[in-house]
There are 2 protein chains.
Amino acid sequence: MEIFFSDSISGPVLTLSGDEAQHCARVLRHRAGDEINVIDGLGTLYRCTLEVADARECTASIIDTVPGFGSHPYRLTMAVCPTKNTDRYEWFAEKVTEIGVDSIVPVIGDRSERRVLKTDRLKRIVLSAVKQSLKGAIPPVCEPLSVKEFIESVPEDAVKMICYCFEDQEKVSVAQVLGDARSRPGTKDIYILIGPEGDFSPAEAELARSLGWRAVTLGPSRLRTETAAIVAATQVYSALCF
Amino acid sequence: MEIFFSDSISGPVLTLSGDEAQHCARVLRHRAGDEINVIDGLGTLYRCTLEVADARECTASIIDTVPGFGSHPYRLTMAVCPTKNTDRYEWFAEKVTEIGVDSIVPVIGDRSERRVLKTDRLKRIVLSAVKQSLKGAIPPVCEPLSVKEFIESVPEDAVKMICYCFEDQEKVSVAQVLGDARSRPGTKDIYILIGPEGDFSPAEAELARSLGWRAVTLGPSRLRTETAAIVAATQVYSALCF
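Not measured: the values here are computed from a predicted model.

## Notes on the packing of aromatic side chains
Piece 1. This model, assessed by the stated rule, comprises 9 aromatic pairs over all chains.
Piece 2. With 5.1 Å between their ring centres and 65° between their planes, A:Y89 and A:F92 make a pair best called edge-to-face. Of the two residues, A:Y89 and A:F92 are both situated in helix α2 (residues 86-99); the distance of 3 residues between them amounts to about one turn of the helix.
Piece 3. For A:Y89, a relative accessible area of 1% puts it in the buried group.
Piece 4. Ring geometry for B:F150 versus B:Y191: centroids 6.3 Å apart, planes at 50°, classification tilted. Here the residue B:F150 occupies a position in helix α4 (residues 147-153), and B:Y191 occupies one in strand β12 (residues 189-194), the gap between them amounting to 41 residues.
Piece 5. Here B:Y191 falls in the buried class, since its relative accessible area comes to 13%.
Piece 6. The aromatic ring of B:W91 is capped on one face by A:K95, whose charged end is 5.2 Å from the ring centroid.

## Thoughts on the pairing of strand β6 (residues 57-66) of chain A
Residues and elements named next belong to chain A.
Piece 1. Of the strand pairs in this sheet, strand β3 (residues 13-17) and β6 are connected by 5 bridges, and their pairing is antiparallel. Each bridged residue has a counterpart across the sheet, and for L16 the counterpart in β6 is C58.
Piece 2. The pairing of strand β5 (residues 45-52) with β6 spans 7 bridges and is antiparallel. Bridging across to β6, L50 finds its partner in A60.
Piece 3. Turn length for the β5-β6 hairpin, with the two strands adjacent in sequence and antiparallel, is 4 residues.

## Some words on the interface of chain B and chain A
Piece 1. Contacts between the two partners involve 29 residues from chain B and, on the opposite side, 29 residues from chain A.
Piece 2. Taken together, both faces of the contact between chain B and chain A bury some 2500 Å²; the carbon and sulfur share is 54%.
Piece 3. Ranking the residues of chain B by area buried against chain A places B:R222, B:Y237 and B:F242 at the top, with a combined share of 23%.
Piece 4. Taken together, the connections running from chain B to chain A amount to 6 salt bridges.
Piece 5. One salt bridge in this structure joins B:E94 and A:R88, with 2.9 Å as the shortest N-O distance.
Piece 6. On the surface where chain B and chain A come into contact, there are 26 residue pairs in polar contact (both at pLDDT 80 or more).
Piece 7. Elements represented by at least two residues in the side of chain B that touches chain A include exactly α2 (86-99) and α7 (225-240) of chain B.
Piece 8. Broken down by element, the residue count for the side of chain B that touches chain A peaks at 8 residues, all from α7(B).

## Re unusual backbone geometry
Residues and elements named next belong to chain B.
Piece 1. Even without being glycine, L134 reaches a positive phi, approximately 55°.
Piece 2. Position of L134 among the secondary structure elements: in the loop between α3 (120-132) and β9 (145-146).
Piece 3. In this structure L134 comes out as buried when scored by relative accessible area, which is 17%.
Piece 4. The backbone of D199 sits at a positive phi, close to 70°, despite the residue not being glycine.
Piece 5. Residue position: D199 is located in the loop between β12 and α6 (202-210).

## Topic: the pairing of strand β13 (residues 214-217) of chain A
Piece 1. Direction of pairing for strand β10 (residues 159-163) of chain A relative to β13(A): parallel, over a ladder of 2 bridges. For A:M161, the partnering residue across the bridge sits in β13(A) and is A:R214.

## Some thoughts on the relation of the copies chain B and chain A
Piece 1. When chain B is fitted to chain A, the residual RMSD is 0.0 Å, and the transformation amounts to a turn of 180° plus an axial shift of 0.0 Å. The relationship between the two copies is best expressed as a two-fold rotation axis.

## A look at the nonpolar core
Piece 1. Counting 88 residues, the largest nonpolar core has A:M78, A:F92, A:I192, B:M78, B:F92 and B:I192 as the members making the most contacts within it.
Piece 2. It is helix α7 (residues 225-241) of chain A that contributes the most residues to this core, 9 residues altogether.
Piece 3. Residues within four places of A:M78 in sequence aside, it is in contact with A:F92, A:V101, A:S103, A:I104, A:V105, A:I192, A:I194, A:A229, A:A232 and A:A233.

## So, the confidence of the model for chain A
The predicted coordinates of low-pLDDT regions are not to be read in fine detail.
Piece 1. Looking at chain A, the pLDDT average stands at 95 and 99% of residues meet or exceed 70.
Piece 2. Across the whole predicted complex the pTM is 0.96, and at the interface the ipTM reaches 0.95.

## Here we look at the domain arrangement of chain A
All names here are of chain A.
Piece 1. Here chain A is described as being made up of domain 1 (3-66) and domain 2 (76-241).
Piece 2. For domain 1 and domain 2, the distance between their C-alpha centres works out to 33 Å.
Piece 3. Between domain 1 and domain 2 the total buried area reaches about 630 Å² when both faces are included, carbon and sulfur atoms providing 66% of it.
Piece 4. Together, I3, I39 and G41 form the three largest contributors to the area buried by domain 1 at its contact with domain 2, with a combined 61%.
Piece 5. A salt bridge links K131 to E20; its shortest N-O distance comes to 2.7 Å.
Piece 6. Taken together, the links from domain 1 to domain 2 amount to 5 residue pairs in polar contact (both at pLDDT 80 or more).
Piece 7. Looking at the side of domain 1 that touches domain 2, the element that brings in the most residues is strand β1 (residues 3-5), giving 3 residues.
Piece 8. Residue composition of the side of domain 1 that touches domain 2, by class: 5 nonpolar, 3 polar and 2 charged.

## Some remarks on α2(A)
Piece 1. For α2(A), which comprises 14 residues, the first-to-last C-alpha distance of 20 Å matches the rise-based estimate of 20 Å (1.5 Å per residue) to within 8%.
Piece 2. Among the 14 residues of α2(A), 12 are classified as buried, and the element is accordingly described as predominantly covered.
Piece 3. Taken together, the buried positions of α2(A) are A:R88, A:Y89, A:E90, A:W91, A:F92, A:A93, A:E94, A:K95, A:V96, A:T97, A:E98 and A:I99.
Piece 4. Packed against the buried residues of α2(A) are β7 (76-80), β8 (103-108), α3 (120-132) and α7 of chain A together with α2 and α7 of chain B.
Piece 5. Capping the start of α2(A) is the job of one residue whose side-chain oxygen sits 2.9 Å from the backbone nitrogen of A:D87: A:N85.
Piece 6. Immediately beyond the C-terminal end of α2(A), within one or two residues, lies A:G100, with a positive phi of roughly 140°.

Definitions and limits used
- Residues numbered from 1 in each chain as written.
- Chains lettered and ligands numbered in written order.
- Predicted model: local features only at pLDDT ≥ 70, side-chain atom pairs only at ≥ 80, totals over all residues.
- Heavy atoms only, no water.
- Phe/Tyr/Trp six-rings, centres within 6.5 Å; stacked < 30°, edge-to-face > 60°.
- Helix = DSSP H or I, 4+ residues; strand = E, 2+ residues; numbered from the N terminus.
- Buried < 20%, exposed > 50% of the residue type's maximum accessible area, 1.4 Å probe, protein only.
- Lys NZ or Arg CZ within 6 Å of the ring centre and 35° of its normal.
- Pairing = 2+ DSSP bridges.
- Contact = heavy atoms within 4.5 Å.
- Buried area = accessible area lost by both parts, 1.4 Å probe.
- Salt bridge = Lys/Arg side-chain N within 4 Å of Asp/Glu carboxyl O.
- Polar contact = N/O pair within 3.5 Å; in protein donor to acceptor, adjacent residues only side chain to side chain.
- Least-squares fit on C-alpha atoms with pLDDT ≥ 70 in both.
- Core = buried A, V, L, I, M, F, W, Y, C linked by side-chain atoms within 4.5 Å.
- pLDDT = per-residue confidence, 0-100.
- Domains from an automatic or database assignment.
- Nonpolar A, V, L, I, M, F, W, Y, C, P; charged D, E, K, R; others polar.
- Expected span 1.5 Å × (residues − 1).

Okay, here's the thing in structure tokens:
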């Protein structure tokens, strides 16, 4: 099943432009009358009939609507410090998109070696993973902000987990935190924060703790930043999808 | 902590050769008298004093021994069909090594598009991941064999899971299979088999079922082969490490 993305849907008609129109009309040689599947990036799939197949702009009429297409039963924000090697960060973004994530936030820690990250390429990788894994919602990739700004921006009643290495801290598992959250009222939005190769600074860890973030362990293995991120996302997915 | 690998350990002395000696004496410029950490690839770490630092061959005397270094409390074989793009398979091998795996078996299915896989580069990637994630055991990378040969080669009393897409099959979760295994006697060796992009053939699935393999679901998301493999490995790790 091949999927296109449209940000221009109005009533019973939608248009594909840019790369999407190119891909539809030129690469895949779709013609007027063909049935195509289009997502709005917000969670809905539209089954459509192609009316105008032009590599500059395609127009299609909507036959049917599938809300919550490929959705998962939780809302997860992954805030992860950029890795030294950008490939590894791109790989993380692709994989958590396949598994199920709702927002990707590059955060820059006091000890981050990489302090700049271009998000354009990341957004293309995420879009491609969304289409490939048959989802209707495209997780936004935010512009980088500091770890401290991020920690302070998260709503008080969210489920907030921070993964760091300080050995003197008592830590609980992701499953334990999710279990505890189930028994209390309020939002179930989940935030996971994963630090840089050199870990968070004590000031960042202290700020998080003071604002109700729980220190979690992902298990005994020593994982790279991007592996920790995918293991954490998998633990949320596994705890809440079965 | 930097780790070297030696396959030549005899009594209180060990030697590093090839790339390991190069890396120790030339790249990192270690000198006689330096303390170094060496794994045997079978699970043990040796703390040593370097006696001879030569880029062709280094010799070290063993001070201390750490058995089960970086080990995990299960034995897991991941048999995964090669992906069309070899990078993705290398990434899978690296990540499951970090998380915890005991053997990697490339298997060729009836519907595999890629039917040949060179294991030399994979072995180097796995060794590098072992060192980076501070483990003593190097999971062997087997030479490719067919899915059917692999299915038939696994001991009867092992915990055997096959991940495939046939929608008419009833499936259980990895956690459920591991829970069931806990309550019965016999080996706890775990085998997970993951098919190619085009899924297993009905004959392969039927053979597996007839030999006691259980069909597992990794959850609702549609995952690429390599993502399915890491999610499955993470589910085993998460179920058995906490």
